[in-house]
Amino acid sequence: DGGITQSPKYLFRKEGQNVTLSCEQNLNHDAMYWYRQDPGQGLRLIYYSQIVNDFQKGDIAEGYSVSREKKESFPLTVTSAQKNPTAFYLCASSAAGQKEKLFFGSGTQLSVL
Amino acid sequence: DAKTTQPPSMDCAEGRAANLPCNHSTISGNEYVYWYRQIHSQGPQYIIHGLKNNETNEMASLIITEDRKSSTLILPHATLRDTAVYYCIVRDNAGNNRKLIWGLGTSLAVNP
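Read on for an overview of the structure. (Residues numbered from 1 in each chain as written. Chains lettered and ligands numbered in written order. Predicted model: local features only at pLDDT ≥ 70, side-chain atom pairs only at ≥ 80, totals over all residues. Heavy atoms only, no water.)

Our focus in this paragraph is the overall build of chain B. When helices and strands are tallied, chain B shows 0 helices and 9 strands. When the elements of chain B are put in sequence order from the N terminus, they spell out β-β-β-β-β-β-β-β-β. Radius of gyration (C-alpha) of chain B: 13 Å, near the 13 Å computed for a compact globule of 112 residues. The principal-axis extent of the C-alpha atoms belonging to chain B is close to 40 × 30 × 25 Å. Burial analysis of chain B (112 residues in total) assigns 43% to the buried set. (Helix = DSSP H or I, 4+ residues; strand = E, 2+ residues; numbered from the N terminus. Rg over C-alpha atoms; globule rule 2.2 N^0.38 Å. Buried < 20%, exposed > 50% of the residue type's maximum accessible area, 1.4 Å probe, protein only.)

Residues and elements named next belong to chain B. Of the two faces of strand E9 (residues 106-111), only the one carrying Thr 106, Leu 108 and Val 110 is buried; Ser 107, Ala 109 and Asn 111 on the other face are not. Pairing geometry for strand E1 (residues 9-13) and E9, over 5 bridges, is parallel. Considered in E9, the bridge of Ser 9 is made with Ser 107. (Pairing = 2+ DSSP bridges.)

With that settled, consider the interface of chain B and chain A. With 21 residues of chain B at the interface, the matching set in chain A holds 24 residues. Between chain B and chain A, a total of about 1,700 Å² is buried, with carbon and sulfur atoms accounting for 51% of that surface. At the junction of chain B with chain A, the criterion picks out 0 salt bridges. Across the contact surface, chain B and chain A share 5 residue pairs in polar contact (both at pLDDT 80 or more). Listed by contribution, the elements that provide at least two residues to the side of chain B that touches chain A are strand E3 (31-38), strand E4 (45-50) and strand E8 (84-92) of chain B. (Contact = heavy atoms within 4.5 Å. Buried area = accessible area lost by both parts, 1.4 Å probe. Salt bridge = Lys/Arg side-chain N within 4 Å of Asp/Glu carboxyl O. Polar contact = N/O pair within 3.5 Å; in protein donor to acceptor, adjacent residues only side chain to side chain.)

This next bit is on the side chain of B:Gln38. Take B:Gln38: it is sitting in strand E3. Taking the relative accessible area as the measure of exposure, B:Gln38 reaches 7% and is therefore buried. Of note is the side chain of B:Gln38, whose polar atom sits 3.1 Å from the side chain of B:Tyr87. Apart from residues no more than four positions distant in its own chain, B:Gln38 is found in contact with A:Gln37, A:Leu43, A:Phe88, A:Leu90, B:Gly43, B:Pro44, B:Ala84, B:Val85 and B:Tyr87.

What follows concerns the state of the cysteines. Residues and elements named next belong to chain B. All chains considered together, the criterion is met by 2 disulfides over all chains. Across a sulfur-sulfur distance of 2.1 Å, Cys 22 and Cys 88 are joined as a disulfide pair. Residues Cys 22 and Cys 88 are joined through a disulfide that is left-handed, its torsion about the S-S bond being -80 degrees. Placement of the pair is Cys 22 in strand E2 (residues 18-23) and Cys 88 in strand E8, with a sequence separation of 66 residues. (Disulfide = S-S within 2.5 Å.)

At the junction of A:Ser7 and A:Pro8, the peptide bond is cis and its omega measures out at -5 degrees in the coordinates. Examined against the element boundaries, A:Pro8 turns out to sit in the loop between strand E1 (4-7) and strand E2 (10-13). Of note in this structure, B:Ser41 is not a glycine but carries a positive phi near 65 degrees. Among the structural elements, B:Ser41 can be located in the loop between E3 and E4. In this structure, B:Arg68 takes a positive phi of about 65 degrees despite not being glycine. The residue B:Arg68 is located in the loop between strand E6 (61-64) and strand E7 (70-75) in this model. Classification of B:Arg68 by relative accessible area gives buried; the value is 9%.

Here you go:
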């Protein structure tokens, strides 16, 4: 089945530690996105990539980094510079001809120990 | 892209129709209305979208008023599995998805 896979489902980070969240899709989609969701707030865009080897900052990119070396993969690193990393992280993708239709992964809940 | 206004919560009896309203009074002529839903601790799921005409698919129907300032998502026979947060979003189809504004949505509780 085609889809978008995020791992792990739950992740814990120690103070000062970088952690990387995985996002893989086999939908052959060109565009991929990372969102952050906090309780009582809407989804906020962290980074997005419209094509391999290219990515753009979203609204809350500080403290995060991404790479897009392969079409299928768009990992997100939460660096130690992100002072409030506890949140639900969602990865999404969309096809070039259907930008309006986002497909989401099941999310990763990141917590700080 | 225009902002939307939705009631924070709604209840619906199982088997009855759930009608979820959305106000988008500042929508412009080339902006579409999209609906997604998010079941607890999962990623949002696309439901339906439309421009002017009413739309129907296997999941729901979308009714857009003639002046396009509001719309209603209809789940014709709600089940317990339809309990979720429903998001109404408007956007220009020529625009980038980075401009999507995700509000708080409507939390729909389907009761047995």
